[in-house]
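So the chains spell out like this:
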Amino acid sequence: QVQLVESGGGLVQAGGSLRLSCTYSGRTFSAYIMGWFRQAPGKAREFVASINWSGGAKRYADSVKGRFTISRDNAKNTVYLQLNSLKPEDTAVYYCAAAPLPVLTTSNANYWGQGAQVTVSS
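Note that the coordinates shown come from a computational prediction; the quantities given were computed from them, not determined experimentally.

## Some thoughts on the state of the cysteines
For step 1, the next point in the chain: Per the counting criterion, the structure on display carries one disulfide.
For step 2, the next point in the chain: What pairs with Cys22 in a disulfide is Cys96, and their sulfur atoms sit 2.0 Å apart. Here Cys22 and Cys96 share a disulfide; its torsion about the S-S bond, -75°, makes the bridge left-handed. Taken together, the residues Cys22 in strand S3 (residues 18-25) and Cys96 in strand S9 (residues 92-100) connect sequence positions 74 residues apart. The two residues Cys22 and Cys96 agree in class, both being buried.

## Looking at the sheet that holds strand S1 (residues 3-7)
For step 1, the next point in the chain: Taken in spatial order, the four strands make up an open sheet running S1-S3-S8-S7, and their pairing is antiparallel. Here the strands that pair on one side only, and so sit at the sheet edges, are S1 and strand S7 (68-73). Sheet twist, expressed as the average angle between the axes of neighbouring strands with direction ignored, equals 15°.
For step 2, the next point in the chain: Both S3 and strand S8 (residues 78-83) contribute to a ladder of six bridges, which runs antiparallel. Bridging across to S8, Cys22 finds its partner in Val79.

## What to know about the pattern of salt bridges
Pairing is possible between side chains of opposite charge, provided their charged atoms come close.
For step 1, the next point in the chain: Tallied over the full model, the rule gives four salt bridges.
For step 2, the next point in the chain: Here Arg38 makes a salt bridge to Asp90, at a shortest N to O gap of 2.9 Å. With Arg38 in strand S4 (residues 32-39) and Asp90 in the loop between S8 and S9, the pair connects residues that are 52 residues apart, well separated along the chain. The burial state of Arg38 is the same as that of Asp90; both residues are buried.

## Notes on the packing of aromatic side chains
For step 1, the next point in the chain: Summed over all chains, the structure comprises seven aromatic pairs.
For step 2, the next point in the chain: A ring pair is formed by Tyr24 and Phe29, whose centres lie 5.1 Å apart and whose planes are at 75°; its orientation type is edge-to-face. Summarising the burial analysis for this pair, Tyr24 and Phe29 share the class buried.
For step 3, the next point in the chain: Summarising the aromatic geometry, the rings of Tyr95 and Trp112 are spaced 6.4 Å apart at their centres and angled 85° between planes, so their arrangement reads as edge-to-face. Of the two residues, Tyr95 sits in strand S9 while Trp112 sits in strand S10 (residues 111-112), which places them 17 residues apart along the sequence.

Conventions we followed
- Residues numbered from 1 in each chain as written.
- Predicted model: local features only at pLDDT ≥ 70, side-chain atom pairs only at ≥ 80, totals over all residues.
- Heavy atoms only, no water.
- Disulfide = S-S within 2.5 Å.
- Helix = DSSP H or I, 4+ residues; strand = E, 2+ residues; numbered from the N terminus.
- Buried < 20%, exposed > 50% of the residue type's maximum accessible area, 1.4 Å probe, protein only.
- Pairing = 2+ DSSP bridges.
- Axes fitted to C-alpha atoms, helices over the stretch in contact; angles between N-to-C directions.
- Salt bridge = Lys/Arg side-chain N within 4 Å of Asp/Glu carboxyl O.
- Phe/Tyr/Trp six-rings, centres within 6.5 Å; stacked < 30°, edge-to-face > 60°.

Any functional reading would require information beyond the geometric quantities listed.
Written as structure tokens, this is what we have:
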């Protein structure tokens with residue numbers, strides 16, 4: 001059974017930092033793109049960042065470039081999202097996801113985590 005489990009969410013003040021973790025199990029993800037999406041109340045789920053197996057290919061949404069960093073540790077079966085310089089508009093539920101190569105989108109992701117709440121206060 002494939003599982004993606006997020007952790008590390010919480011409440012932080014604007015300008016602060018958090019690190020989200022996504023631990024995966026149940027299959028090998030070497031042929032998958034993994035990454036993060038987020039969904040704020042009343043809004044559609046949106047792409048945040050993605051990373052390939054080697055970590056050599058990363059992609060970010062324009063809204064988080066320069067503030068968020070995605071990385072992975074394959075030995076620990078974990079993908080990370082470092083969130084720096086957080087803004088109130090970053091408040092959302094953050095979801096870990098995986099899709100077959102070559103790209104990760106909301107429509108082709110076939111594995112999802114349960115979500116982690118990130119709340120940024122002003």
